[in-house]
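Inside the fold
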Amino acid sequence: MPALADVIAALDALWPPERAEQWDAVGTVCGDPDAPVERVLIAVDPVQETAEEAVELGAQLLLTHHPLYLRGTTTVFAGTFKGRVVHTLVRAGVALHVAHTNADRADPGVSDALAGAVGLRTTGPLVPDPTDPAGRRGLGRICELDAPEPLARFARRVAAALPATAQGVRAAGDPDRPVRTVAVCGGSGDSLFDAVRAAGVDAYLTADLRHHPASEAVQHGGPALVDAAHWATEWPWCEQAAAQLDAVSQRHGWGLRAHVSRTVTDPWTTHAASGPAGAAPTTTGAPN
């Protein structure tokens, strides 16, 4: 059975912390480096639900994609929700380790997992990492479908492939537009619009698209847009990471068991459909 320090070394080899963005907060948040690790739970978010799931599972390590303290902190007081997460984990002897933008830029990375889940063939990074001579690492991926399909059908493909969320999947563009080449970026992706336009793809699959950048992208005559829930676009990485950790365990003879959390931690819980498409807006009197 490996020590936490051994497992962390393996995680850092898969997702080197020096490849994270400068603003990011990756690495080990809590844990005893000498403590043995038999089970690992992998999740997108380090929230109370996944902390309790790790405890109930009997895991000694919770590996998450999102940081707990992205902007730092001066307290782990259990009266705050983040402090409560730390206390829950520490009391049960569960370590917390984060692989965020270093996992985004990895080969394979978060966007590879998203592309694989949707059935896309990856041809290269959207924004290549200049430190990778092989040209395989970087942010986002450029992908292809085996055969073109209309945008509406591609949006349904994405919705069927990703975990269900209240948001679902929405698309911008002509529903009948043929889609063959696709740029993908797991998580928030509207900062990569320039690279997407330069790639000349038919569609862009990502999350958290805001009104103005999306509107401007459509007005520029660029690719169709497919917007899914942030959590859903990153969850496939959990399964990919589990497979990578299983391979490391087998190589070292550790007998480590990696589990994937299926707890939906997307913050949106309810979706109400709008009125009929094209219906004129109506106004009501101010509430009394």
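Described in the following lines is the structure provided in the data block. (Residues numbered from 1 in each chain as written. Predicted model: local features only at pLDDT ≥ 70, side-chain atom pairs only at ≥ 80, totals over all residues. Heavy atoms only, no water.)

Focus: the layout of surface pockets
Counted as a void, the largest pocket has a volume near 600 Å³. Around the largest pocket sit 26 residues that line it, and W23, H66, L70, H100 and H230 are the ones nearest its centre. Taken together, the elements giving at least two residues each to the lining of the largest pocket come down to α3 (81-91), α4 (101-104), β6 (138-150), β8 (178-188) and α9 (230-252). Broken down by element, the lining of the largest pocket gets its largest block of residues, 4 residues, from β8. In this structure, the second largest pocket spans a volume of roughly 430 Å³. In this structure, the second largest pocket is lined by 19 residues; those nearest its centre are D208, H230, D266, P267 and W268. When grouped by side-chain class, the residues that make up the lining of the second largest pocket number 8 nonpolar, 7 polar and 4 charged. (1 Å grid on protein atoms, 1.4 Å probe; cavity = no way out; pocket = protein on both sides within 12 Å on 5 of 7 lines; lining within 4 Å. Points joined across faces, edges and corners; volume = space filled by probe spheres on them. Helix = DSSP H or I, 4+ residues; strand = E, 2+ residues; numbered from the N terminus. Nonpolar A, V, L, I, M, F, W, Y, C, P; charged D, E, K, R; others polar.)

Things to note about the sheet that holds strand β11 (residues 257-260)
An order of β1-β4-β3-β2-β11 is seen for the 5 strands of this open sheet, with the pairing classed as mixed. At either margin of the open sheet sits one strand with a lone partner, and together these are β1 (27-30) and β11. Strand-to-strand twist in this sheet, taken as the mean axis angle between neighbours without regard to direction, amounts to 25°. Pairing of strand β3 (residues 61-64) with strand β4 (residues 95-98), which is carried by 4 bridges, proceeds in the parallel orientation. Bridging from a neighbouring strand, L62 pairs with L96 of β4. Contacts between helix α2 (residues 48-57) and the sheet are confined to β2 (39-43), β3 and β11, with β2 contributing the most and set at about 160° to the helix. (Pairing = 2+ DSSP bridges. Axes fitted to C-alpha atoms, helices over the stretch in contact; angles between N-to-C directions. Contact = heavy atoms within 4.5 Å.)

Concerning the sheet that holds strand β7 (residues 169-172)
The mixed open sheet is built from 6 strands, whose spatial order is β5-β6-β8-β9-β10-β7. Edge positions in the open sheet fall to β5 (121-128) and β7, since each of these has one partner strand only. Neighbour-to-neighbour, the strand axes of the sheet open up by a mean angle of 25°, direction not taken into account. In the sheet, β6 pairs with β8 via 6 bridges, with the strands oriented antiparallel.

Describing unusual backbone geometry
Across the junction of D107 and P108, the peptide omega takes the value 0°, indicating a cis bond. With respect to the helices, strands and loops of the structure, P108 is situated in the loop between α4 and α5 (110-118). Even without glycine at this site, D208 takes up a positive phi of about 60°. Relative to the helices and strands, D208 is located in the loop between β9 (203-207) and α8 (211-219). Owing to a relative accessible area of 35%, D208 belongs among the partly exposed residues under this scheme. (Buried < 20%, exposed > 50% of the residue type's maximum accessible area, 1.4 Å probe, protein only.)

What to know about helix α6 (residues 151-161)
Taken residue by residue, α6 has L151, F154, A155 and V158 as its buried positions. One face of α6 carries all of its buried residues, which in axial projection span an arc of 100°. Along α6, exposed side chains directed more than 90 degrees from the buried face belong to R156 and A160. Contacts from the buried residues of α6 go to α5, β6, β7, β8, β9 and β10 (224-228). (Arc of directions from axis to C-beta.)

Looking at the side chain of S111
Within the secondary structure layout, S111 lies in helix α5. With relative accessibility at 4%, the residue S111 sits in the buried group. Contact partners of S111, with chain neighbours within four places excluded, come to G140, R141, V184, C185 and G186.

Brief notes about the side chain of T101
Here T101 shows up in helix α4. On the basis of relative accessible area, T101 is assigned to the buried category, the value being 4%. A polar side-chain atom of T101 sits 2.5 Å from a polar atom in the side chain of D24. Ignoring anything within four residues of it in the chain, the contact list for T101 reads R19, A20, E21, W23 and D24. (Polar contact = N/O pair within 3.5 Å; in protein donor to acceptor, adjacent residues only side chain to side chain.)

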